[in-house]
Amino acid sequence: MKAIKKSLPGARHRAPTRKSIWIIAVFSLITMLVIGAYMFPHRSRAACYMFSSRGCKGLTDWLPPSVREFSDDEIASRVVIREILSSPRVIQKSSKIAFMFLTPGTLPFEKLWDLFFQGHEGKFSVYIHASKDTPVHTSRYFVNREIRSDEVVWGRISMIDAERRLLSNALRDPENQQFVLLSDSCVPLRSFDYMYNYMMYSNVSYVDCFDDPGPHGKGRHMDHMLPEIPKEDFRKGAQWFSMKRQHAVITMADSLYYSKFRDYCGPGVENNKNCIADEHYLPTFFYMVDPTGIANWTVTYVDWSEKKWHPRKFMREDIMPELLKNITGEVTWTDCMWNGIKRPCYLFGRKFHPGSLDKLIDLFSNYTIISS
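Residues numbered from 1 in each chain as written. Predicted model: local features only at pLDDT ≥ 70, side-chain atom pairs only at ≥ 80, totals over all residues. Heavy atoms only, no water.

A closer look at the overall build of the chain
Along the chain, the regular secondary structure elements total eleven helices and eleven strands. Taken over 372 residues, the chain has a buried fraction of 47%. Once local pairs closer than 6 in sequence are excluded, the contacts in the chain between residues at least 24 apart make up 79%. Accessible surface, the chain as shown: approximately 20,800 Å² in total, 56% of it carbon and sulfur. (Helix = DSSP H or I, 4+ residues; strand = E, 2+ residues; numbered from the N terminus. Buried < 20%, exposed > 50% of the residue type's maximum accessible area, 1.4 Å probe, protein only. Contact = heavy atoms within 4.5 Å. Areas by Shrake-Rupley, 256 points an atom, 1.4 Å probe, with all protein chains shown as cover.)

In structure tokens, the structure reads:
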């Protein structure tokens, strides 16, 4: 009996329909447009809404970040900064620390600073920026140390201008290798020798710098600062710094980033944002140009426990051995490393009321003793 062979149907091959061709064509077109938008950044935001109701942000959320091409000014700025930072730091026996006082007038703690400086002549220099009144001096170390000064308004760029004015005058002395910014309410918390060695031989500058994602941090960033200062690089910190000479020089050499803060950082400049220049300029600048060269904290102690716009002011009745022990002792050992060694965080303190001077003088020799 012969087997009956049945022919099995072969695989079916459909000719492409018009519908599938259109789908492929549209998908290819969209793909090319997206790739083109990524490779050639848009100049008009209106084009972004072709793909997303959220505009450009909706499109860029899932695209890989593109590398922005620096402007000529940015390239020049970074070259100058790199050259300055690559210069070796030379510390000699004649090297000095510049104490730069930012004050409206007379310094109420001159007598205390006089005790601090005594016996260390040749290791420090003093500079005073008095924005309102001519100071009356009680210490020989402060006589004729005023520089040309101008009005200073809290929260405005004039505060940064005063800091830069102090730095420029202190940099004129080549023996100044460390630069400390202090206010009229600052007092020393350590002996001069301890402070000198701590700052002069540190491998970083003490510039306060942290990321605050809230309305009083990144919320103060201005769109006009773009593209040179991206929002993700915007930082915050206390203005009271201690920096080595190379960092003082690049601060004075900077015009690019400074101009952004001068023109766009201020109360109510954009969308009712209150950008405070002295809280953001230096932290942002150093985070962008030399983030590993700063400690990210300040050597000047303040008490923010009252959670107000300004830190707590220590009155005469507050000045007790226990308070000074807490500031210079246990409290200050938290998370502070000096050249890889755990050390106290603070060398200076603020804000102290002028009426506390006599009690601070009485306790000076005790609370400035070096803790082992």
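Alright, that's what it looks like, and here's the rest.
Description of the environment of Ile276
Here Ile276 lies in the loop between helix 8 (256–264) and helix 9 (277–289). Its relative accessible area of 4% is what places Ile276 among the buried residues. For the pair Ile276 and Gly155, spaced 121 residues apart in sequence, the C-alpha to C-alpha distance is 4.5 Å. Setting aside anything within four residues of it in sequence, one finds Ile276 in contact with Trp154, Gly155, Arg220 and Cys265.

Considerations on the pattern of salt bridges
Per the counting criterion, the structure on display carries twelve salt bridges. We note a salt bridge from Lys260 to Glu228, for which the minimum N-O separation is 3.0 Å. Here Lys260, found in helix 8, pairs with Glu228, found in the loop between strand 5 (205–208) and strand 6 (242–244); they are 32 residues apart in sequence, far enough to count as distant. Here Lys260 falls in the buried class, since its relative accessible area comes to 14%. Here the salt bridges share partners, and the residues they tie into one network are Asp211, Lys218 and Arg235. (Salt bridge = Lys/Arg side-chain N within 4 Å of Asp/Glu carboxyl O.)

So, the state of the cysteines
Applying the stated criterion across every chain yields a total of two disulfides. The residue that forms a disulfide with Cys265 is Cys275, at a sulfur-sulfur distance of 2.0 Å. On the sign convention where negative is left-handed, the bridge of Cys265 and Cys275, at about -90° about the S-S bond, is left-handed. Taken as a pair, Cys265 in the loop between helix 8 and helix 9 and Cys275 in the loop between helix 8 and helix 9 lie far apart in primary sequence, ten residues in all. (Disulfide = S-S within 2.5 Å.)

As for the packing of helix 8 against helix 9
At a closest axis distance of 10 Å, the pairing of helix 8 and helix 9 adopts a crossing angle of 150°. For the element pair helix 8 / helix 9, the angle class is roughly antiparallel. Here the hand of the crossing between helix 8 and helix 9 comes out right-handed. Contact with helix 8, carried on its side by Tyr257, Tyr258 and Phe261, involves His280, Tyr281, Thr284, Phe285, Met288 and Val289 of helix 9 and no other residues of that element. Each residue belonging to the contact of helix 8 with helix 9 can be placed in one class, and the counts come to seven nonpolar, two polar and no charged. (Axes fitted to C-alpha atoms, helices over the stretch in contact; angles between N-to-C directions. Parallel < 35°, antiparallel > 145°, perpendicular 65-115°, else oblique. Left-handed = near helix turned anticlockwise from the far one by under 90°. Nonpolar A, V, L, I, M, F, W, Y, C, P; charged D, E, K, R; others polar.)

Here we look at a nonpolar patch on the surface
On the surface, a nonpolar cluster with roughly 230 Å² of combined accessible area is contributed by Phe70, Ile75 and Val79. Looking at the secondary structure, you find Val79 in helix 3 (residues 72–85). (Patch = residues over 30% accessible without salt bridge, like charges linked within 9 Å, V, L, I, M, F, W, Y side chains within 5 Å.)

Here's the deal with the packing of aromatic side chains
According to the stated counting rule, one finds 30 aromatic pairs in the structure shown. Considering the side-chain rings of Tyr198 and Trp338, the 6.1 Å spacing of their centres and the 45° angle between planes classify their relative orientation as tilted. Of this pair, Tyr198 sits in helix 6 (residues 192–200) while Trp338 sits in strand 9 (residues 337–338), and the two are 140 residues apart along the sequence. The residues Tyr198 and Trp338 share a single accessibility class, namely buried. Across from the ring centre of Tyr196, 5.0 Å away, lies the NZ or CZ of Lys123, which sits over that ring. Over the ring of Tyr258 we find Arg164; its NZ or CZ atom is 4.2 Å from the centre of that ring. (Phe/Tyr/Trp six-rings, centres within 6.5 Å; stacked < 30°, edge-to-face > 60°. Lys NZ or Arg CZ within 6 Å of the ring centre and 35° of its normal.)

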